[in-house]
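# Summary of structural features
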Amino acid sequence: EPEVTQTPSHQVTQMGQEVILRCVPISNHLYFYWYRQILGQKVEFLVSFYNNEISEKSEIFDDQFSVERPDGSNFTLKIRSTKLEDSAMYFCASRMKGTEAFFGQGTRLTVV
Amino acid sequence: AQSVTQPDIHITVSEGASLELRCNYSYGATPYLFWYVQSPGQGLQLLLKYFSGDTLVQGIKGFEAEFKRSQSSFNLRKPSVHWSDAAEYFCAVGAGTGGGNKLTFGTGTQLKVEL
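Notes on the structure follow.

About the cut-offs
Residues numbered from 1 in each chain as written. Chains lettered and ligands numbered in written order. Predicted model: local features only at pLDDT ≥ 70, side-chain atom pairs only at ≥ 80, totals over all residues. Heavy atoms only, no water. Disulfide = S-S within 2.5 Å. Helix = DSSP H or I, 4+ residues; strand = E, 2+ residues; numbered from the N terminus. Buried < 20%, exposed > 50% of the residue type's maximum accessible area, 1.4 Å probe, protein only. Pairing = 2+ DSSP bridges. Axes fitted to C-alpha atoms, helices over the stretch in contact; angles between N-to-C directions. Phe/Tyr/Trp six-rings, centres within 6.5 Å; stacked < 30°, edge-to-face > 60°. Lys NZ or Arg CZ within 6 Å of the ring centre and 35° of its normal.

## What about the state of the cysteines?
Residues and elements named next belong to chain A. On inspection of all chains with the given rule, the structure shows two disulfides over all chains. The disulfide partner of Cys-23 is Cys-92, and the gap between their sulfur atoms is 1.9 Å. The sign of the S-S torsion, about -65 degrees, decides the handedness of the disulfide formed by Cys-23 and Cys-92: left-handed. Residue Cys-23 is located in strand S3 (residues 19-24), and its partner Cys-92 is located in strand S9 (residues 88-95); the two are separated by 69 residues in the primary sequence. Judged by its relative accessible area of 0%, Cys-92 falls in the buried class.

Okay, here's the thing in C-alpha cells:
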C-alpha cells in the first residue's frame, strides 16, 4: 500500500540552526501539507501546497518557514533559524483531489 | 472559521465495553469529517471519513461514526473495545476535498482500556 514517507524520524538541532524536514508524498498525489503537533497538544495546520505554490498558510508559518518541492517527488519544510518553541512532531500529508489526506509517521524535531 | 471540540480529554473503558467518543464541529457549510487515531510515537491513521450520503459511516477496526447535522456532531463509536484500541483519537473537519483545503483538528481524546 502506498504511503507517505518522512525522514528523519527524529532530529535534534541547536537553537538558531537551519533544519530541513523531508517528505516523499504518495506518487500520484497533487496536494501536500505540513502539520505540527507540540507535545501534548493538538495537530495544527502549517501550510498547504498545490501546483508548485503555497495555497494556504497559517499564522504559525512565518518568514522562518519555507516549503519546496524540488524534484517532483520530495516535499520539504525548512526552518531557517530554529527556536526552542519549534520543538514538535511535524507531519507531512498528501492527497489526490476528492480524497482524504494520508499522513506520514512524522519527524520529531527537538531544538536544544 | 472551522473548529472542532472534543469535550473528553481522557476516557477509560473496560475491554469488551462499548465506546463513544464525542466530537462537535463548527463550520458554515457542509463539512467533511474525519476521525484519526494516533498510537504513541506514531503517525495519524485514518479510521473513517464522512463526505456525503449515508450519515452512518463505517471505518476500519470495527469503528463507526454518525454525522448529525442538527447537533453539529460526528461521534465515534465501537460496540466492543479491544485492549489494542488504547490510543489518542482525533476528530477533524475539512472544508472540502478540492483545492488546498486544510484539516482542523480537535484536541484529541486519550483512550485507556482496562483489562
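## Re the pairing of strand S6 (residues 53-57) of chain A
Residue and element names in this part refer to chain A. Bridge count between strand S5 (residues 43-50) and S6: four bridges; the pairing is antiparallel. Opposite Ser-48, over in S6, you have Glu-56 as the bridge partner. Hairpin connection from S5 to S6: two residues lie between these consecutive antiparallel strands, with Asn-51 at a positive phi of about 55 degrees.

## Points about the sheet that holds strand S7 (residues 65-68) of chain A
Residue and element names in this part refer to chain A. The sheet built from four strands is open, its strands ordered S1-S3-S8-S7 with antiparallel pairing. Looking at strand neighbours, the two that pair on one side only are strand S1 (5-7) and S7, the edges of this open sheet. Sheet twist, expressed as the mean angle between neighbouring strand axes with direction ignored, is 20 degrees. The pairing of S7 with strand S8 (residues 75-79) spans four bridges and is antiparallel. Paired with Ser-66 across the bridge in S8 is Lys-78.

## What about the packing of aromatic side chains?
Within this structure, the stated rule accounts for 20 aromatic pairs over all chains. Ring pairs connect the aromatic residues Tyr33(A), Tyr35(A), Phe45(A), Phe91(A), Phe103(A), Tyr32(B), Phe34(B), Tyr36(B), Phe51(B), Phe90(B) and Phe105(B), which therefore count as one cluster. Geometry around Tyr31(A) places Arg95(A) over its ring, the cationic atom sitting 4.3 Å from the centre.

## Some details on unusual backbone geometry
Going from Thr7(A) to Pro8(A), the amide bond is cis rather than trans, its omega being -10 degrees. With respect to the helices, strands and loops of the structure, Pro8(A) is situated in the loop between S1 and strand S2 (10-13). Although it is not a glycine, Asn51(A) adopts a positive phi angle of roughly 55 degrees. Take Asn51(A): its relative accessible area is 59%, and that puts it in the exposed class. Although it is not a glycine, Lys61(B) adopts a positive phi angle of roughly 60 degrees. With respect to the secondary-structure elements, Lys61(B) resides in the loop between strand S7 (56-58) and strand S8 (64-68).

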